[in-house]
Amino acid sequence: AIDPLMHPLSEHWSEGQRALAYERTWVRVTSALARIEIYCRTYGLERVAIVAHQDVLNLILLYWLGLDWRQADRVRFSLDPGASVRLVVADGATRIDWMNRPA
């Protein structure tokens, strides 16, 4: 779904290619989050583990903070490999608590 001429490594992408990648990933991320939220409500789940690439996790955090993919290059979260975070989205507020940060 992305430009077939794009280099496999994102550091070689043009600004337009990066924007396209963020936009297309944003569509997939937000639709997946909507399905996760519906599933949780349906089955009464209060906690969900999401394991994903750092760029996807950054987009998820932007979404929960009320931002969108256009801020992805300017608003970056420092995520250590293997780190765990508890994120609470309730009453119109988002709270992020680091559980462990291995690095």
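Computed from a prediction, not measured in an experiment: that's the story for all the values here.

1. Brief notes about the overall build of the chain
Inference 1: When helices and strands are tallied, the chain shows 2 helices and 2 strands.
Inference 2: Starting at the N terminus, the α and β elements of the chain follow one another as α-α-β-β.
Inference 3: Across its three principal axes, the chain shows a C-alpha extent of roughly 45 × 35 × 20 Å.
Inference 4: Put simply, of all contacts in the chain between residues at least 6 apart along the chain, 30% involve residues at least 24 apart.
Inference 5: Just so you have it, the chain exposes about 7500 Å², and 55% of that area is on carbon and sulfur atoms.

2. Observations regarding the environment of Gln71
Inference 1: In this structure, Gln71 sits in the loop between α2 (54–64) and β1 (84–90).
Inference 2: The sequence separation of Gln71 and Leu33 amounts to 38 residues, and the corresponding C-alpha distance is 18 Å.

3. What about helix α1 (residues 15–43)?
Inference 1: With 29 residues, α1 should reach 42 Å at 1.5 Å per residue; the first-to-last C-alpha distance of 42 Å fits that figure.
Inference 2: The inward-facing, buried residues of α1 contact α2.
Inference 3: Immediately beyond the C-terminal end of α1, within one or two residues, lies Gly44, with a positive phi of roughly 70°.

4. Quick look at the environment of Glu46
Inference 1: For Glu46, the location among the structural elements is in the loop between α1 and α2.
Inference 2: Between the C-alpha atom of Glu46 and that of Ile36, which follows or precedes it by 10 residues, the distance is 11 Å.

5. Quick look at the pairing of strand β2 (residues 93–100)
Inference 1: Of the strand pairs in this sheet, β1 and β2 are connected by 7 bridges, and their pairing is antiparallel. Across the sheet, residue Val85 finds its bridge partner in β2, namely Trp98.
Inference 2: Connecting β1 to the antiparallel partner β2 that follows it, the hairpin turn spans 2 residues, and Asp91 within it adopts a positive phi of roughly 55°.

6. Here we look at the nonpolar core
Inference 1: Within the largest apolar cluster, 9 residues are counted, these being Tyr22, Trp26, Leu59, Leu61, Leu62, Trp69, Ala72, Phe77 and Leu79.
Inference 2: Mapped onto this core, the elements with two or more residues apiece are α1 and α2.
Inference 3: Tallying contributions element by element places α2 first for this core, with 3 residues.
Inference 4: Those residues within four positions of Leu61 in sequence are excluded, and the remaining contacts are Phe77, Leu79, Leu87 and Ile96.

7. Thoughts on the confidence of the model for the chain
Inference 1: Across the chain, the average pLDDT comes to 85, with 96% of residues at 70 or higher.
Inference 2: When the elements of the chain are averaged for pLDDT, β2 gives the smallest value, 78, and α1 the largest, 91.

Cut-off values and rules
- Residues numbered from 1 in each chain as written.
- Predicted model: local features only at pLDDT ≥ 70, side-chain atom pairs only at ≥ 80, totals over all residues.
- Heavy atoms only, no water.
- Helix = DSSP H or I, 4+ residues; strand = E, 2+ residues; numbered from the N terminus.
- Contact = heavy atoms within 4.5 Å.
- Areas by Shrake-Rupley, 256 points an atom, 1.4 Å probe, with all protein chains shown as cover.
- Expected span 1.5 Å × (residues − 1).
- Pairing = 2+ DSSP bridges.
- Core = buried A, V, L, I, M, F, W, Y, C linked by side-chain atoms within 4.5 Å.
- Buried < 20%, exposed > 50% of the residue type's maximum accessible area, 1.4 Å probe, protein only.
- pLDDT = per-residue confidence, 0-100.

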